[in-house]
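As a plain string of letters, each chain reads:
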Amino acid sequence: MGRKVWFPAVSGPLAPFAAGFESWLMSRAYSPKAAADRLYQFDQLSRWLEREGLCVGELTGEQAERFCASRRAAGLVTWVAPVSVLLLLGYLRGLGVAPAPAPVVAQGPLEVLLEDYRRYLQVERGLCDHTVIDVYEPAARLFLAGWEGPDGLGLERLCAGDVSIFLARECPKRSVSGARDLVCALRSFLRYLHLAGLIEAPLVWAVPSLADLRDRTLPRGLEPAAVRRLLASCDRRRLLGRRDHAILLLLVRLGLRAGEVAAIQLEDIDWRAGLLLVRGKGSRHDELPLPVDVGEAIVSYLRRRPRCECRALFLRVTAPRQGLNRSTVGWVVRAACDRAGLPRVGAHCLRHTAATEMLRAGASLAEIGQVLRHREQKTTAIYAKVDRKALRPLARSWPSQEGGVA
């Protein structure tokens, strides 16, 4: 039998919340040892508050940093970083007993403008936070670098030449895909500036088109043998293997995006009707039929899935129990490639694999577009090049050396 874990008693202002904190930790799959360590930190913070003459309602982020600084000054090496108290603060703030952090107020014309631009992208355009924060906002910030002055941003001076100079300086520093993302984000920002009345002329026309090489190559999908090796690499005797097997099947059978897999909630599956609700790009929701093998893989995972408050279908295997994000889904695919001895591919490669497999099975491009939920037919048209049998009659016959047609 394992050694019994000792849970410290908490004294001081936080003592009334100790029992709830312990249960809260255990519900998030913290091991007894990890929960005991966190409860000890909870006790140390409570004793420090008592020594400082502070109550729970005065436990702000600044006070938590003072607690960590006092431990560093005493020569301690545990719980000395400000990030170490975020778990405790999150629990107390969730109860409403500790003050919530003060909202960040935009400072200066640039920050005010970017905050309004973020709101425009999220509300008016329906973009997800990841796309806004990682792609569109950095491009707008980079474009406006150096424009802020004592009299404001001076956007009334913005002209087509400034757009050309910016792109000529920044595009050579990027790959083709990176330059394409920058051009797309800059068009969006210029469109917003005109709609907001901050510039008089619509300068979207000043952004040149970037040479798009995506349609010159075949979509990169895996061969059926590689897909079988990828799925077989998951050890379904373990919780992690069952989870990864279900994720891979969703990617390769339904062609879901990584973010769409991470966004699946428990209530998104209609088991009686055999339907899956997909939370797609632009706040779009679609229902797809749930294949039998995918449903069986999900059920196999759910039988081992830990019980917790999180409603995400796929959870982390380590504490705290919370849903995956799109990056983690990508790492699931890369880890499976490593186990199977295959070159690493991204989650989107399995989306191409799903499309090419449907095409081989005789599905039309319209049907593929419905499954992949493409908004435009030209997006699905790239898979027409994979159907070589249908394209062969369209190929031009070349004359042979004898003068005939080869």
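Going by the structure above, here's the rest.
Described in the following lines is the structure provided in the data block. Note that the coordinates shown come from a computational prediction; the quantities given were computed from them, not determined experimentally.

## So, the overall build of the protein
Summing up its helical and strand segments, the protein has 17 helices and three strands in all. Per-residue burial for the protein yields a buried fraction of 39% across its 406 residues. The long-range share in the protein, meaning contacts at least 24 apart out of those at least 6 apart in sequence, stands at 59%. Split by element, the accessible area of the protein, about 23,300 Å² in all, is 54% carbon and sulfur.

## Observations regarding the nonpolar core
Counting residues in hydrophobic clusters, the biggest one holds 45 residues, and the most contacted among them are Leu-250, Leu-256, Leu-276 and Phe-314. The set of elements that each furnish at least two residues to this core consists of helix H9 (224–232), helix H10 (239–254), helix H11 (258–262), strand S2 (275–279), helix H12 (292–302), helix H13 (326–340) and helix H14 (347–360). Setting aside residues up to four positions removed in sequence, Leu-250 forms contacts with Gly-255, Leu-256, Val-261, Ile-264, Leu-276, Val-294, Ile-298 and Phe-314. By size, the runner-up hydrophobic cluster in this structure holds 33 residues, among which are Leu-114, Tyr-117, Phe-143 and Val-183.

## Examining the environment of Arg-257
Relative to the assigned elements, Arg-257 resides in the loop between H10 and H11. With a relative accessible area of 17%, Arg-257 lands in the buried category. For Arg-257 and Val-329, which are 72 residues apart along the polypeptide, the C-alpha to C-alpha distance reads 9.3 Å. Contact partners of Arg-257, with chain neighbours within four places excluded, come to Leu-251, Lys-281, His-348, Arg-351, Leu-372 and Arg-373.

## Here we look at the pattern of salt bridges
Under the criterion given, the structure shown has 23 salt bridges. The partner of Arg-119 in a salt bridge is Glu-115, with the nearest N and O atoms 3.9 Å apart. In this pair, Arg-119 and Glu-115 both sit in helix H5 (residues 108–124), four residues apart, roughly one turn of the helix. Between Arg-237 and Asp-235 there is a salt bridge, with its nearest N and O atoms 2.9 Å apart. Accessibility expressed as a relative area gives 67% for Arg-237, which makes it exposed. Judged by its relative accessible area of 25%, Asp-235 falls in the partly exposed class.

## Topic: the pairing of strand S3 (residues 285–289)
The two faces of S3 differ: Asp-286 and Leu-288 on one face are buried, but His-285, Glu-287 and Pro-289 on the other face are not. Pairing analysis gives five bridges linking S2 to S3, with the strands arranged antiparallel. Residue pairing for S3: Leu-275 is matched across the bridge by Pro-289. Count of turn residues in the S2/S3 antiparallel hairpin: five residues, of which Gly-282 carries a positive phi of about 65°.

## Comments concerning the environment of Trp-271
One can find Trp-271 in the loop between strand S1 (269–270) and S2. Judged by relative accessible area, Trp-271 falls into the partly exposed class, the value being 43%. Along the primary structure Trp-271 and Leu-290 are separated by 19 residues, whereas in three dimensions their C-alpha atoms are 8.7 Å apart. Not counting residues up to four positions away in its chain, the partners in contact with Trp-271 are Leu-290, Gly-295, Ile-298, Val-299 and Leu-302.

## Some points on the environment of Asp-286
Inspection of the secondary structure puts Asp-286 in strand S3. Residue classification places Asp-286 among the buried positions, given a relative accessible area of 17%. Residues Asp-286 and Val-371 lie 85 residues apart in sequence; the distance between their C-alpha atoms is 9.5 Å. Residues contacting Asp-286, with those up to four places away along its chain left out, are Leu-276, Leu-277, Val-278 and Arg-373. Of note is the side chain of Asp-286, whose polar atom sits 2.9 Å from the side chain of Arg-284.

## Examining helix H8 (residues 176–195)
Taking 1.5 Å of rise per residue, 20 residues should cover 28 Å, and H8 covers 29 Å from first to last C-alpha, within 8% of that figure. Listing the buried residues of H8 in full gives Ala-179, Leu-182, Val-183, Ala-185, Leu-186, Ser-188, Phe-189, Leu-190, Tyr-192 and Leu-193. Trailing H8 by a residue or two, Gly-197 shows a phi angle of about 75°, which is positive.

## Side note on the side chain of His-245
Secondary-structure assignment places His-245 in helix H10. Judged by its relative accessible area of 9%, His-245 falls in the buried class. Once residues lying within four places of it in the same chain are set aside, the contact partners of His-245 are Leu-231, Cys-234, Arg-236 and Ala-297.

## A look at unusual backbone geometry
With an omega dihedral of -5°, the bond running from Ala-319 to Pro-320 counts as a cis peptide bond. By secondary structure assignment, the location of Pro-320 is in the loop between H12 and H13. Notably, Trp-79 is not glycine yet its phi reads approximately 55°, a positive angle. Tracing the backbone through its elements, the reader meets Trp-79 in the loop between helix H3 (61–73) and helix H4 (86–95).

What counts and what doesn't
- Residues numbered from 1 in each chain as written.
- Predicted model: local features only at pLDDT ≥ 70, side-chain atom pairs only at ≥ 80, totals over all residues.
- Heavy atoms only, no water.
- Helix = DSSP H or I, 4+ residues; strand = E, 2+ residues; numbered from the N terminus.
- Buried < 20%, exposed > 50% of the residue type's maximum accessible area, 1.4 Å probe, protein only.
- Contact = heavy atoms within 4.5 Å.
- Areas by Shrake-Rupley, 256 points an atom, 1.4 Å probe, with all protein chains shown as cover.
- Core = buried A, V, L, I, M, F, W, Y, C linked by side-chain atoms within 4.5 Å.
- Salt bridge = Lys/Arg side-chain N within 4 Å of Asp/Glu carboxyl O.
- Pairing = 2+ DSSP bridges.
- Polar contact = N/O pair within 3.5 Å; in protein donor to acceptor, adjacent residues only side chain to side chain.
- Expected span 1.5 Å × (residues − 1).

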